[in-house]
Amino acid sequence: MRRREFIKFSVAATAAVSIASPAIALAELKEIRIGYQKTGVLVITRQQAALEEHFAPRGIEVKWVEFSSGPPMMEAMNVGSVDFGAVGDSPPVFAQAAGAAIVYAAGQPITNGQGILVPRDSPIRSIVDLKGKRIGFTKGSSAHNIVVQTLEKAGLTYADITPVYLTPPDAGPAFANGSIEAWAIWDPYFAIGETKQGGRILINSRDVTRTNSFYIANREFAKNHGAVLQQIVDVTTAAGKWAEQHRDEVAKSLAAITGVPLDIQTVAANRANFVVGPVTDDIVATQQGVADRFYKLGLIPKPIVIRDIVWRNPAA
C-alpha cells in the first residue's frame, strides 16, 4: 500500500478547511472518538491512519471503537461516548425517534453487499415463501429495513413473518444450525453466510429498494467543532475515493483491521461502493421514506422529519 500517497491525497483534500478552522476549537479538542464496524470506508481510514496523520499536528488524538452493528453505536453517540461513526439507514431513524443527540454528516449510497440469505437447499425460492418463516436480523439495523421493504414488495406484512432479533455474531450460528430460516444481513457477514455457512441469496437489497449508509455525528460535537467535523468528513471522503480505485488493497486493509479472513473481505470489497458525499435532497427523501414506513408499522413511536437533523457546515 502506498501509504505516503494516500496520506498526501487525504491531507490535500482538507487543506482549505484546515486553514480556515478556528484555532480555539482545535485547541480545546484533545480526542476524537470514531465508531466503526467490520467493513466500510472508516476501516480503511483507520488502517491507513489518515485521521491520525491529519490531526496529530493539531494535538488531537483519534480513538477507534468497534461496534457489531449500528444501534449500539447510536446509543453510544447519544450519550457522548462516540463523536462520529458510520451506520446503515435504519439506526439513525430509530435514534432520532428516541430523541438521540445525533446529526447526519454525510451519506453513501449502498449498491450491493446486503440482502436476505436462505440455506442453499431451502425450499424458499421467492419472497412470498417467507410467509410464516423465522427471519433473523438486528432490530433497528439496515437489515430491518430490507426485511420490511422486501415483504412489502411481495404484498406481505410484518405480521406474516416471525422476526428473530439477533446481532450479526449471534445470527451467523443460528443461520448455520437452522434456528432461523432466513437471514437479513450486510457485508462482511453477508459474504460469510454466502460462502462459509451454506447460504443462498434470496434477494439482493438493490433489487428491492434504494438504500444508503450514513456518517453520523454527535450533535454537540457538530455544534462545537464544526470545522473539525468537516475535516473528518473530508478525510473520509478522500479515503473513499482512493478505495474505489484500489479494491485489492482495500480487502487487505479490511482483513487486517477486522480479523475477517481476506477471502471474505475480498468478496465484500469487490462489490462495495465507497463513494462518500453530502446528504442530498434525494438521499433525504429516501431516508424519509424509511422513517415514514417504520412509523406506519409502529416500529418507531412518533413521526420524524429527517431534514431536521441533517448537519450543514455553517462555514460552507
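Before any of the text, the structure's been laid out above.
Residues numbered from 1 in each chain as written. Predicted model: local features only at pLDDT ≥ 70, side-chain atom pairs only at ≥ 80, totals over all residues. Heavy atoms only, no water.

Visitor: Explain the overall build of the protein to me, please; I cannot follow it from the model alone.
Guide: The secondary structure content of the protein amounts to 14 helices and ten strands. Expected size for 316 residues packed as a compact globule is a radius of gyration near 20 Å; at 19 Å, the protein falls within 12% of this value. Here the C-alpha coordinates of the protein stretch approximately 60 × 45 × 30 Å along the principal axes. In the protein, which comprises 316 residues, the proportion classed as buried is 58%. Across the protein, every contact between residues at least 6 apart in sequence was considered, and the portion connecting residues at least 24 apart equals 79%. Working note: accessible area of the protein is about 13,000 Å², and carbon and sulfur atoms make up 53% of it. Between the averaged position of the 32 positive side-chain charges in the protein and that of its 29 negative side-chain charges there is a distance of 1 Å. (Helix = DSSP H or I, 4+ residues; strand = E, 2+ residues; numbered from the N terminus. Rg over C-alpha atoms; globule rule 2.2 N^0.38 Å. Buried < 20%, exposed > 50% of the residue type's maximum accessible area, 1.4 Å probe, protein only. Contact = heavy atoms within 4.5 Å. Areas by Shrake-Rupley, 256 points an atom, 1.4 Å probe, with all protein chains shown as cover. Lys, Arg positive; Asp, Glu negative; His and termini not counted. Charge placed at Lys NZ, Arg CZ, Asp CG, Glu CD.)

Visitor: What is the right way to look at the pairing of strand 8 (residues 182-186) in this model?
Guide: Remember that side chains alternate between the two faces of the sheet whenever the strand is regular. Of all the five residues making up strand 8, five are buried; the element is thus mostly covered by neighbouring parts of the structure. The two faces of strand 8 match: Ala182, Ala184 and Trp186 on one face and Trp183 and Ile185 on the other face are all buried. Pairing of strand 5 (residues 114-119) with strand 8 involves four bridges; the strand directions are antiparallel. For Gln114, the partnering residue across the bridge sits in strand 8 and is Trp186. Pairing between strand 6 (residues 134-137) and strand 8: two bridges, direction parallel. Its bridge partner lying in strand 8, Gly136 is registered against Trp183. (Pairing = 2+ DSSP bridges.)

Visitor: What should I look at first to understand the packing of helix 7 (residues 142-153) against helix 14 (residues 281-296) in this one?
Guide: A packed helix pair is summarised by two numbers, namely the angle formed by the two axes and the spacing between the axes. Two elements in contact, helix 7 and helix 14, have axes separated by 11 Å at closest approach and are oriented at 75°. In terms of their interaxial angle, helix 7 and helix 14 are classed as roughly perpendicular. Here His144, Asn145, Val148, Gln149 and Glu152 of helix 7 lie close against helix 14, whose contacting residues are Val290, Arg293 and Phe294. (Axes fitted to C-alpha atoms, helices over the stretch in contact; angles between N-to-C directions. Parallel < 35°, antiparallel > 145°, perpendicular 65-115°, else oblique.)

Visitor: Is there a simple way to think about the sheet that holds strand 2 (residues 61-66) in this case?
Guide: Two strands in a sheet stick together by hydrogen bonds in their backbones, pointing the same way (parallel) or opposite ways (antiparallel). Taken in spatial order, the five strands make up an open sheet running 2-1-3-10-4, and their pairing is mixed. The open sheet has two edge strands with one neighbour each: strand 2 and strand 4 (102-110). Strand-to-strand twist across the sheet, computed as the mean angle between neighbouring axes with direction ignored, equals 20°. Looking at chain direction, strand 1 (residues 31-36) and strand 2 are connected through six bridges and run parallel. Within the sheet, the bridge partner assigned to Ile32 lies in strand 2 and is Val62. On the sheet, helix 5 (residues 70-78) packs against strand 1, strand 3 (84-87), strand 4 and strand 10 (211-218) and is oriented at approximately 155° with respect to strand 3.

Visitor: How should the environment of Ile180 be read in this particular structure?
Guide: Tracing the sequence through the fold places Ile180 in the loop between helix 8 (168-176) and strand 8. Measuring from C-alpha to C-alpha, the distance between Ile180 and Tyr295 comes to 26 Å, with 115 residues separating the pair along the chain. Look past the residues within four positions of Ile180 in its chain and what remains in contact with it is Arg134, Gly136, Val164, Leu166, Ala171, Ala174 and Phe175.

Visitor: Explain the packing of helix 12 (residues 247-258) against helix 13 (residues 262-271) to me, please; I cannot follow it from the model alone.
Guide: Taken N-terminus to C-terminus, the directions of helix 12 and helix 13 make an angle of 130°; their axes are 8 Å apart at the nearest point. On the basis of the axis angle, helix 12 is oblique to helix 13. For the pair helix 12 and helix 13, the sense of crossing is right-handed. From helix 12, Arg247, Val250, Ala251, Lys252, Leu254, Ala255 and Thr258 reach across to helix 13, where they touch Leu262, Gln265, Thr266, Ala269 and Asn270. Its residues assigned to classes, the contact of helix 12 with helix 13 shows six nonpolar, four polar and two charged. (Left-handed = near helix turned anticlockwise from the far one by under 90°. Nonpolar A, V, L, I, M, F, W, Y, C, P; charged D, E, K, R; others polar.)

So far we have only geometry, and geometry alone does not tell us how the molecule works.
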